[in-house]
Amino acid sequence: IMICKEMLKIIENNHTQVEKNKDEKTELSYYNHSKDIIILKANNEGSSRILQIAHECIHTTQKKEYLMANKFFSNLQIIYFLFALIYVVNNEVNELLIISFQLLILLGTLFAKTAIEGDACYRSIALANEYLKEKLNNEKRKKYIDETSKMIYNLVSVYYFNFFSQGITMIIINTIISLIM
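From a predicted model like this one, the values you see are computed outputs, not experimental measurements.

(A) Spatial organisation of the overall build of the protein chain. When you go through the protein chain residue by residue, the secondary structure sums to five helices and three strands. Here the C-alpha coordinates of the protein chain stretch approximately 65 × 30 × 30 Å along the principal axes. Considering the protein chain as a whole, with its 181 residues, one finds that 40% of them fall into the buried category. Long-range contacts, defined here as pairs at least 24 residues apart, represent 65% of the contacts in the protein chain between residues at least 6 apart. Roughly 11,200 Å² of accessible area belongs to the protein chain as shown, and the carbon and sulfur atoms make up 60% of that amount. The average position of the 20 basic charges and that of the 19 acidic charges among the side chains of the protein chain differ by 5 Å.

Here you go:
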């Protein structure tokens, strides 16, 4: 929690609260923009923890409209999937219309998620570097930033693929069920 508070000071954020996730079993850290609070996972160890904390701190600096758009599209995607699934099962429907709406929602979701997560991933490297200036000598800091940067750059494409594949899976499920019905 202290690392997070120090990073928030670096980015001149004195309003966001920080607390430890009360669920000891979870591996989740996140920023709740509605409550302006960072929840850090219970077991926050490992070589990437500083970068992970920096990532959540960066979310606090992002425009609230973008964060709300991300939440809106993510929820809309799930709700529309369930609505379309129920509709397809109970009625004859124009599958192309349902798939078209799902694709539009998927594009909105992908845009919001990639903009927010990509920004946080890349800017978290600079924040971690700034934080570590006082903690490590230049050589160790550079080595840490280089190693974690490579990891982040490799994982970003996995995140993007995951966002896309979730949406495509929903579309495929509705398409298969509509063909069966």
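Read on for the rest.
(B) Spatial organisation of helix H3 (residues 64-90). Between the first and last C-alpha of H3 there are 39 Å, a value that for 27 residues agrees with the 39 Å anticipated at 1.5 Å per step. Listed in full, the buried residues belonging to H3 are Leu 67, Asn 70, Ser 74, Gln 77, Tyr 80, Phe 81, Ala 84, Leu 85 and Val 88. In this structure, the buried side of H3 is in contact with strand S2 (30-32), helix H2 (49-59), helix H4 (95-132) and helix H5 (138-180).

(C) Expanded view of the sheet that holds strand S1 (residues 17-20). Strand order across the open sheet formed by three strands is S1-S3-S2, with mixed pairing between neighbours. Edge positions in the sheet fall to S1 and S2, since each of these pairs with one other strand and no more. For this sheet, the mean inter-axis angle between neighbouring strands, taken without regard to orientation, is 25°. Across four bridges, S1 lies against strand S3 (residues 37-40) in parallel orientation. The residue of S3 that forms the bridge with Lys 20 is Leu 40.

(D) Just helix H1 (residues 2-10), in detail. Every buried residue of H1 is accounted for by Ile 3, Cys 4, Met 7 and Leu 8. Buried residues along H1 cover an arc of 135° about the axis, so they all sit on one side. For H1, the exposed residues lying more than 90 degrees away from the buried face are Met 2 and Lys 9. In this fold, the buried residues of H1 make contact with S1, S3, H2 and H4. Just past H1, the residue Glu 12 takes up positive phi, approximately 60°.

(E) Representation of the state of the cysteines within the structure. Following the criterion strictly, the structure yields zero disulfides and no others. A disulfide-free cysteine, Cys 57 has its sulfur positioned 3.6 Å from the sulfur of Cys 4, the nearest such atom. Cys 57 provides the cysteine sulfur closest to Cys 121, a residue in no disulfide bond, and the two sulfurs are 14 Å apart. On the basis of relative accessible area, Cys 121 is assigned to the buried category, the value being 2%.

(F) The packing of H3 against H5, seen in detail. It is the contact of H3 with H5, at a shortest axis distance of 9 Å, that shows an interaxial angle of 5°. Of the possible angle classes, the one that applies to H3 and H5 is roughly parallel. For the pair formed by H3 and H5, the contact residues are Gln 77, Ile 78, Phe 81, Ala 84, Leu 85, Val 88 and Val 89 on the first element and Gly 167, Met 170, Ile 173, Asn 174, Ile 177 and Ser 178 on the second. Partitioned by chemical class, the residues of the contact of H3 with H5 number nine nonpolar, four polar and no charged.

(G) Broad picture of the packing of H1 against H2. As a packed pair, H1 and H2 sit with axes 10 Å apart at the nearest point and diverge in direction by 50°. The orientation of H1 relative to H2 falls into the category oblique. Here H1 runs over H2; the crossing is right-handed. Here H1 contributes Ile 3, Cys 4, Met 7 and Leu 8 to the contact with H2, which in turn contributes Arg 49, Ile 50, Ile 53, Ala 54 and Cys 57. Of the residues contributing to the contact of H1 with H2, the split by class is eight nonpolar, no polar and one charged.

What counts, and where the lines are drawn
- Residues numbered from 1 in each chain as written.
- Predicted model: local features only at pLDDT ≥ 70, side-chain atom pairs only at ≥ 80, totals over all residues.
- Heavy atoms only, no water.
- Helix = DSSP H or I, 4+ residues; strand = E, 2+ residues; numbered from the N terminus.
- Buried < 20%, exposed > 50% of the residue type's maximum accessible area, 1.4 Å probe, protein only.
- Contact = heavy atoms within 4.5 Å.
- Areas by Shrake-Rupley, 256 points an atom, 1.4 Å probe, with all protein chains shown as cover.
- Lys, Arg positive; Asp, Glu negative; His and termini not counted.
- Charge placed at Lys NZ, Arg CZ, Asp CG, Glu CD.
- Expected span 1.5 Å × (residues − 1).
- Pairing = 2+ DSSP bridges.
- Axes fitted to C-alpha atoms, helices over the stretch in contact; angles between N-to-C directions.
- Arc of directions from axis to C-beta.
- Disulfide = S-S within 2.5 Å.
- Parallel < 35°, antiparallel > 145°, perpendicular 65-115°, else oblique.
- Nonpolar A, V, L, I, M, F, W, Y, C, P; charged D, E, K, R; others polar.
- Left-handed = near helix turned anticlockwise from the far one by under 90°.

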